[in-house]
Amino acid sequence: MDKLVINGPNRLMGEVVISGAKNAAVAIIPAAIMADDVCKIENLPNIEDVKSLFTTINKIGAKCQFLDKHTLKIDSRGVDNICATFEEVKKMRASYYLLGALLGRYKKAEVAMPGGCDFGTRPVDLHLKGFKAMGAEVAIERDVIRVWAKELKGAAIYMDTVSVGATINIMLAATLATGTTTIENAAKEPHVVDVANFLNIMGAKIKGAGTDVIRIVGVEKLHGAEYTIIPDQIEAGTYMIAAAISGGDVTVRNLIPKHMDSLSAKLVEMGVDVEEFDDYIRINATERRLNAVSVKTMAYPGFPTDLQPQMAALLAVAEGTSKITENVWEKRYQYTDELKRLGAQINVEGRVAIITGVNQLTGAKVDATDLRAGAAMVIAALNANGETIIGDVKYIDRGYEEIEDKLNQMGADIKRISM
Ligand code: UD1
């Protein structure tokens, strides 16, 4: 079990290059097995979730090979197993994309109930409702979801809640269904658009991804393709917030500035200088102590829930009282007990967290309670005086490529200890 030992405070100066988007990668790899052909995926982040999926799709018969640490060749001509119930599948939330991909290609799939970070109930009812609307039968037996259809038919599907996973999963299955599917109240996240672009390059007919109505005209088969994954919005946001908390001056490279609008606006409101260029953003927070603000998480283009814990770490040292309202996940404040160990003053009531800023945090022993909570601990430790030891780093490794190297290059003092 690795730990990160961080000696703070550290001011970050210099630049950091953002990796490919985790949440796009974990959908695009399953999408690639829908073609009876070869795909090459570039700009994959080198993270544990991608490695788990690599093992998973090998186990169902695809021949996968890393051409370098960010490029994966997937030959799906050998896929012969519609049953993915092994350990790797149980560890990840995104393994649910195997349902849509295999249902589309083979009209049947058996996939273990998805795992992933625990922040409350993480249902898949909207995914299954979508499959059923397309004519599929669904059965859940002993932690395995089975879906099958004689014929998968296009349907008009309205999402009761905006769901990234359900939007992508239905899009995957509908790509190889007969007729037209419309998804209303669809998620508009950048990775929804990225998956649609990849499917279209493989021969799918998808229009409207990035708006709240997506229209998919089913095709008979898909062919192989080469594709480069978009930059990771959440990783980029994490480094922007890290720069701000450290009073640093950092250029965050290889991002799409438009994807960062909700965060950039909040940072500006707090008093950070945010300068946008074509594919990079410069964050300068060297001048002053930052102000408290209110943040409400929402589906894209709102403020991402996946940046909420990192933002809480920053607000913990802002001047005044801040308020966070978490509108996506009911139990996403478990990490606040860890932040309090570092001296943060946070009161949580239901979906609201009230944060009273302190001058500086103090180093302590904390745990990464989930992926983004772990990133929040790293960010807090950059401000904290003294040594912070972060346990359960495996959560951070699920979604951040070489986090300590990227931060150390900008002046952080982080050591990894392997136990
Ligand atoms: C994805 C992201 C996750 C992020 C979340 C919200 C991936 C792999 N993960 O998760 O990091 O926090 O989007 O931006 O992309 N819901 C239902 N029924 C369903 C599905 C979802 O009620 O069938 C609800 C959830 O409880 C939640 C909301 O919809 O309140 C949004 O969830 P969703 O967008 O589906 O999240 P994920 O796709 O699982």
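Residues numbered from 1 in each chain as written. Predicted model: local features only at pLDDT ≥ 70, side-chain atom pairs only at ≥ 80, totals over all residues. Heavy atoms only, no water.

**Observations regarding the environment of Met159**
And step 1. Secondary-structure assignment places Met159 in the loop between β10 (156–158) and α6 (164–175).
And step 2. Under the relative-accessibility criterion, Met159 is labelled buried at 1%.
And step 3. With near-sequence residues (within four places) excluded, Met159 lies in contact with Ala166, Thr167, Ile170, Ile183, Glu184 and Asn185. (Helix = DSSP H or I, 4+ residues; strand = E, 2+ residues; numbered from the N terminus. Buried < 20%, exposed > 50% of the residue type's maximum accessible area, 1.4 Å probe, protein only. Contact = heavy atoms within 4.5 Å.)

**Focus on the domain arrangement of the protein chain**
And step 1. Split by domain assignment, the protein chain resolves into domain 1 (2–19 + 232–418) and domain 2 (22–217).
And step 2. Inter-centroid distance (C-alpha atoms) of domain 1 to domain 2 is 30 Å.
And step 3. On the side of domain 2, 22 residues touch domain 1, which itself brings 23 residues to the contact.
And step 4. Together, Tyr300, Trp329 and Arg398 form the three largest contributors to the area buried by domain 1 at its contact with domain 2, with a combined 35%.
And step 5. For the interface between domain 1 and domain 2, the tally reads two salt bridges.
And step 6. Across the salt bridge formed by Glu402 and Lys69, the nearest N and O atoms sit 3.0 Å from each other. (Domains from an automatic or database assignment. Buried area = accessible area lost by both parts, 1.4 Å probe. Salt bridge = Lys/Arg side-chain N within 4 Å of Asp/Glu carboxyl O.)

**Here we look at the environment of Ile245**
And step 1. Residue placement: Ile245 occurs in helix α8 (residues 233–245).
And step 2. Taking the C-alpha atoms as reference, Ile245 lies 10 Å from Asn284; in sequence the two are 39 residues apart.
And step 3. With residues up to four places along the chain from it excluded, the contact list for Ile245 reads Ala313, Leu314, Val317, Ile379, Ala380, Leu382 and Asn383.

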